[in-house]
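Secondary and tertiary structure notes
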Amino acid sequence: MSELICSLELPATLHTLFEVTDRCLGAEPVFLRYSHGPGTDAHDGPSRDYEAQVTMSGLSVTTMRPEPWWPRPALEWVARRLCKYADLGAEQGRFPWLLTGRVVGAGPDHEPLVTAVHPLATIDRRAVTEARRLYHERFHVGRDSTQ
(Lines give C-alpha, C1' and ligand atoms only; values in the text may rest on other atoms or scores of the structure.)
Protein backbone atom coordinates (compact mmCIF):
# COMPACT_ATOMS: atom_id res chain seq x y z
CA MET A 1 0.00 0.00 0.00
CA SER A 2 1.32 3.46 -0.85
CA GLU A 3 1.72 6.39 1.51
CA LEU A 4 -0.93 8.13 -0.58
CA ILE A 5 -3.79 5.81 0.42
CA CYS A 6 -3.58 3.63 3.52
CA SER A 7 -6.71 1.59 2.84
CA LEU A 8 -8.72 0.83 -0.28
CA GLU A 9 -11.93 -0.15 1.52
CA LEU A 10 -15.01 2.04 1.49
CA PRO A 11 -16.72 0.66 4.60
CA ALA A 12 -20.12 2.34 4.36
CA THR A 13 -22.56 4.08 2.06
CA LEU A 14 -24.34 7.16 3.35
CA HIS A 15 -27.85 7.49 1.93
CA THR A 16 -29.11 10.81 3.31
CA LEU A 17 -27.78 14.33 3.66
CA PHE A 18 -28.25 14.01 7.43
CA GLU A 19 -26.01 10.90 7.52
CA VAL A 20 -23.34 12.69 5.50
CA THR A 21 -23.49 15.74 7.76
CA ASP A 22 -23.37 13.63 10.91
CA ARG A 23 -20.26 11.82 9.62
CA CYS A 24 -18.55 15.14 8.85
CA LEU A 25 -18.95 16.58 12.34
CA GLY A 26 -16.65 14.20 14.25
CA ALA A 27 -13.41 15.06 16.01
CA GLU A 28 -11.13 14.63 12.99
CA PRO A 29 -11.37 16.65 9.78
CA VAL A 30 -13.32 14.93 7.03
CA PHE A 31 -12.76 15.63 3.35
CA LEU A 32 -14.78 15.05 0.19
CA ARG A 33 -13.40 13.73 -3.07
CA TYR A 34 -15.12 12.97 -6.38
CA SER A 35 -13.18 10.29 -8.24
CA HIS A 36 -13.29 6.68 -9.41
CA GLY A 37 -12.53 5.64 -5.82
CA PRO A 38 -9.52 4.92 -3.62
CA GLY A 39 -8.31 1.95 -5.67
CA THR A 40 -8.06 4.00 -8.85
CA ASP A 41 -6.57 6.95 -6.98
CA ALA A 42 -3.92 4.70 -5.42
CA HIS A 43 -3.06 3.31 -8.86
CA ASP A 44 -3.06 6.70 -10.64
CA GLY A 45 -1.11 8.50 -7.92
CA PRO A 46 -1.46 12.06 -6.65
CA SER A 47 -3.65 14.69 -8.31
CA ARG A 48 -2.29 16.72 -11.20
CA ASP A 49 -2.44 20.37 -12.08
CA TYR A 50 -3.31 19.82 -15.74
CA GLU A 51 -2.90 23.48 -16.68
CA ALA A 52 0.69 23.54 -15.45
CA GLN A 53 1.37 19.84 -16.18
CA VAL A 54 2.60 19.32 -12.60
CA THR A 55 2.01 16.41 -10.23
CA MET A 56 0.83 17.69 -6.85
CA SER A 57 1.90 16.37 -3.44
CA GLY A 58 -1.38 14.56 -2.65
CA LEU A 59 -5.01 14.05 -3.62
CA SER A 60 -7.04 17.19 -4.04
CA VAL A 61 -10.08 17.31 -1.75
CA THR A 62 -12.48 19.77 -0.18
CA THR A 63 -13.19 20.28 3.51
CA MET A 64 -16.56 19.18 4.84
CA ARG A 65 -16.60 20.55 8.38
CA PRO A 66 -18.19 24.02 8.64
CA GLU A 67 -15.79 26.85 9.44
CA PRO A 68 -16.14 28.50 12.88
CA TRP A 69 -17.48 31.70 11.29
CA TRP A 70 -20.38 29.83 9.59
CA PRO A 71 -23.64 30.94 11.33
CA ARG A 72 -26.02 28.64 9.47
CA PRO A 73 -26.81 24.95 10.05
CA ALA A 74 -24.03 22.46 9.30
CA LEU A 75 -26.46 20.65 6.98
CA GLU A 76 -26.42 23.69 4.67
CA TRP A 77 -22.61 23.83 4.59
CA VAL A 78 -22.39 20.14 3.71
CA ALA A 79 -25.11 20.45 1.05
CA ARG A 80 -23.29 23.35 -0.56
CA ARG A 81 -19.96 21.50 -0.60
CA LEU A 82 -21.54 18.42 -2.16
CA CYS A 83 -23.18 20.55 -4.85
CA LYS A 84 -20.16 22.71 -5.67
CA TYR A 85 -18.26 19.64 -6.80
CA ALA A 86 -21.13 17.43 -8.00
CA ASP A 87 -20.35 18.22 -11.64
CA LEU A 88 -17.13 16.25 -11.19
CA GLY A 89 -19.29 13.26 -10.38
CA ALA A 90 -21.07 13.63 -13.69
CA GLU A 91 -17.95 12.42 -15.45
CA GLN A 92 -18.11 8.74 -16.26
CA GLY A 93 -17.83 6.53 -13.20
CA ARG A 94 -16.85 9.20 -10.67
CA PHE A 95 -18.62 9.31 -7.33
CA PRO A 96 -18.38 11.26 -4.07
CA TRP A 97 -16.64 9.71 -1.08
CA LEU A 98 -15.53 10.88 2.34
CA LEU A 99 -12.06 10.40 3.75
CA THR A 100 -9.60 11.49 6.38
CA GLY A 101 -5.96 12.16 5.67
CA ARG A 102 -2.89 14.25 6.39
CA VAL A 103 -2.86 17.68 4.73
CA VAL A 104 0.47 18.14 2.93
CA GLY A 105 -0.21 21.30 0.95
CA ALA A 106 -2.69 23.25 -1.13
CA GLY A 107 -3.52 22.95 -4.80
CA PRO A 108 -3.73 25.76 -7.36
CA ASP A 109 -7.34 26.47 -6.39
CA HIS A 110 -6.40 26.58 -2.68
CA GLU A 111 -7.86 23.12 -2.10
CA PRO A 112 -6.22 20.88 0.51
CA LEU A 113 -3.92 18.14 -0.77
CA VAL A 114 -3.89 15.00 1.40
CA THR A 115 -1.91 11.80 1.77
CA ALA A 116 -2.24 8.91 4.26
CA VAL A 117 -5.85 8.65 3.09
CA HIS A 118 -8.35 6.56 5.03
CA PRO A 119 -11.64 6.17 3.12
CA LEU A 120 -14.73 6.54 5.31
CA ALA A 121 -17.78 6.14 3.08
CA THR A 122 -19.30 6.62 -0.33
CA ILE A 123 -22.18 9.04 -0.73
CA ASP A 124 -25.29 7.69 -2.41
CA ARG A 125 -26.85 9.58 -5.31
CA ARG A 126 -29.97 10.16 -3.18
CA ALA A 127 -27.96 12.18 -0.66
CA VAL A 128 -26.52 14.31 -3.49
CA THR A 129 -30.03 14.88 -4.88
CA GLU A 130 -31.23 15.90 -1.41
CA ALA A 131 -28.24 18.25 -1.08
CA ARG A 132 -28.98 19.82 -4.46
CA ARG A 133 -32.60 20.44 -3.48
CA LEU A 134 -31.62 22.08 -0.16
CA TYR A 135 -28.86 24.12 -1.83
CA HIS A 136 -31.29 25.58 -4.38
CA GLU A 137 -33.93 26.28 -1.72
CA ARG A 138 -31.66 28.10 0.74
CA PHE A 139 -28.95 29.78 -1.34
CA HIS A 140 -28.75 32.31 -4.15
CA VAL A 141 -27.00 29.79 -6.38
CA GLY A 142 -24.50 31.39 -8.75
CA ARG A 143 -24.77 34.86 -7.22
CA ASP A 144 -21.47 36.66 -6.75
CA SER A 145 -20.12 40.01 -5.55
CA THR A 146 -20.99 41.73 -8.84
CA GLN A 147 -24.72 41.30 -8.33
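Everything numeric in this text was worked out from a predicted model, so none of it was measured.

Notes on the overall build of the protein
- The secondary structure content of the protein amounts to 5 helices and 8 strands.
- Taken from the N to the C terminus, the helices and strands of the protein come in the order β-α-β-α-β-β-β-β-α-α-β-β-α.
- The C-alpha atoms of the protein give 15 Å as radius of gyration, which agrees with the globular expectation for 147 residues (15 Å, within 12%).
- Counting only C-alpha atoms, the protein reaches 40 × 35 × 30 Å along its principal axes.
- Counting only residues that meet the buried cut, the protein has 40% of its 147 residues in that class.
- In the protein, the proportion of contacts linking residues at least 24 apart, taken out of those at least 6 apart, comes to 71%.
- Of the accessible surface of the protein, which amounts to about 8500 Å², a share of 51% is contributed by carbon and sulfur atoms.

Observations concerning the confidence of the model for the protein
- Residue-level pLDDT values for the protein average 91, and 96% of them are 70 or greater.
- When mean pLDDT is taken per element in the protein, helix H1 (residues 17-24) scores highest with 97 and helix H4 (residues 86-89) scores lowest with 71.

Concerning the environment of Asp 41
- Assignment of secondary structure puts Asp 41 in helix H2 (residues 38-44).
- Distance from Asp 41 to Leu 59, taken between C-alpha atoms, is 8.0 Å for residues 18 residues apart in sequence.
- Once residues lying within four places of it in the same chain are set aside, the contact partners of Asp 41 are Leu 4, Ile 5, Arg 33, Ser 35, Leu 59 and Trp 97.
- Of note is the side chain of Asp 41, whose polar atom sits 2.7 Å from the side chain of Arg 33.

What about the pairing of strand S8 (residues 112-123)?
- When you tally the buried positions in S8, you get 11 out of 12 residues, the bulk of the element.
- Both strand S1 (residues 13-14) and S8 contribute to a ladder of 2 bridges, which runs parallel. Across the sheet, the residue bridging to Thr 13 is Thr 122, located in S8.
- Sheet topology note: the strand S5 (residues 59-60)/S8 ladder contains 2 bridges and is antiparallel. By the bridge assignment for S8, Ser 60 is matched with Leu 113.
- Relative to S8, strand S7 (residues 95-106) runs antiparallel, the two being bridged by 8 bridges. By the bridge assignment, Leu 99 is partnered in S8 with Pro 119.
- Where S7 hands over to S8, the hairpin turn is made up of 5 residues, of which His 110 adopts a positive phi near 70 degrees.

Some words on the nonpolar core
- The biggest cluster of nonpolar side chains holds 25 residues, and the ones touching the most others in it are Val 20, Met 64, Val 78, Leu 82, Leu 98 and Ile 123.
- Among the elements of the structure, H1, strand S2 (31-35), helix H3 (74-84), S8 and helix H5 (125-138) are those that each provide at least two residues to this core.
- Other than its neighbours up to four places away in sequence, Val 20 contacts Leu 14, Met 64, Val 78, Leu 82, Leu 98, Ile 123 and Ala 127.
- Counting residues in hydrophobic clusters, the runner-up holds 9 residues, among them Phe 31, Val 61, Val 114 and Val 117.

A look at the packing of aromatic side chains
- Scanning the entire structure with this criterion turns up 5 aromatic pairs.
- Their ring planes at 20 degrees and their centres at 6.4 Å tell us that Trp 70 and Phe 139 sit as a pair that is stacked. A residue pair is termed long-range when its members are at least 10 positions apart, and Trp 70 in the loop between strand S6 (62-63) and H3 and Phe 139 in the segment after H5 qualify at 69 residues.
- Among the residues examined, Trp 70 registers a relative accessible area of 11% and is labelled buried.
- Taken together, the ring pairs connect Trp 69, Trp 70, Trp 77, Tyr 135 and Phe 139 into an aromatic cluster.

Definitions and limits used
- Residues numbered from 1 in each chain as written.
- Predicted model: local features only at pLDDT ≥ 70, side-chain atom pairs only at ≥ 80, totals over all residues.
- Heavy atoms only, no water.
- Helix = DSSP H or I, 4+ residues; strand = E, 2+ residues; numbered from the N terminus.
- Rg over C-alpha atoms; globule rule 2.2 N^0.38 Å.
- Buried < 20%, exposed > 50% of the residue type's maximum accessible area, 1.4 Å probe, protein only.
- Contact = heavy atoms within 4.5 Å.
- Areas by Shrake-Rupley, 256 points an atom, 1.4 Å probe, with all protein chains shown as cover.
- pLDDT = per-residue confidence, 0-100.
- Polar contact = N/O pair within 3.5 Å; in protein donor to acceptor, adjacent residues only side chain to side chain.
- Pairing = 2+ DSSP bridges.
- Core = buried A, V, L, I, M, F, W, Y, C linked by side-chain atoms within 4.5 Å.
- Phe/Tyr/Trp six-rings, centres within 6.5 Å; stacked < 30°, edge-to-face > 60°.

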